[in-house]
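Residues per chain, in single letters:
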Amino acid sequence: MLAHIINYSIRFLIIIIGVLLVSGLLSNPTWDTTFLRIMGIIFILFGVYRIIIYYSQVKRYNFDSQEDEEDEEK
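Residues numbered from 1 in each chain as written. Predicted model: local features only at pLDDT ≥ 70, side-chain atom pairs only at ≥ 80, totals over all residues. Heavy atoms only, no water.

Draft legend 1. Up close: helix α1 (residues 2–23). Spanning 22 residues, α1 covers 31 Å between terminal C-alpha atoms, matching the ideal 32 Å at 1.5 Å per step. Three or more residues of α1 are buried, namely R11, I14, I15, G18 and L21. Considered in projection along α1, the buried side chains sweep an arc of 120° and stay on one side of the axis. Of the residues flanking the end of α1, it is G24, one or two places downstream, whose phi is positive at about 90°. (Helix = DSSP H or I, 4+ residues; strand = E, 2+ residues; numbered from the N terminus. Expected span 1.5 Å × (residues − 1). Buried < 20%, exposed > 50% of the residue type's maximum accessible area, 1.4 Å probe, protein only. Arc of directions from axis to C-beta.)

Set out below in structure tokens:
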């Protein structure tokens, strides 16, 4: 259970960093604003992608383990 919380927290942290980059709150005057926005969008999309992949893998693992338990009972 703790591993799930840590995994989701890290993925949401990636999304938050992306939002900070897009909004300009996490910036430096020497950095190009277009580059920061593009990197922010990439961070947001990557975070969402990782959450979806992690959720589907956990769901598939739980489904597979339930099938294995049913096969062992027979």
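Draft legend 2. Summary view of the environment of G24. Mapped onto the elements of the fold, G24 is located in the loop between α1 and α2 (33–73). Taking the C-alpha atoms as reference, G24 lies 7.8 Å from R37; in sequence the two are 13 residues apart.

Draft legend 3. Quick peek at the packing of aromatic side chains. Inspection of every chain in the model, using the stated rule, returns one aromatic pair. On the numbers, 5.2 Å between centres and 85° between planes, the contact of Y8 with Y54 is edge-to-face. Taken together, the residues span a long stretch of sequence, with Y8 in helix α1 and Y54 in helix α2 at a distance of 46 residues. By relative accessible area, which is 11% here, Y54 ends up buried. (Phe/Tyr/Trp six-rings, centres within 6.5 Å; stacked < 30°, edge-to-face > 60°.)

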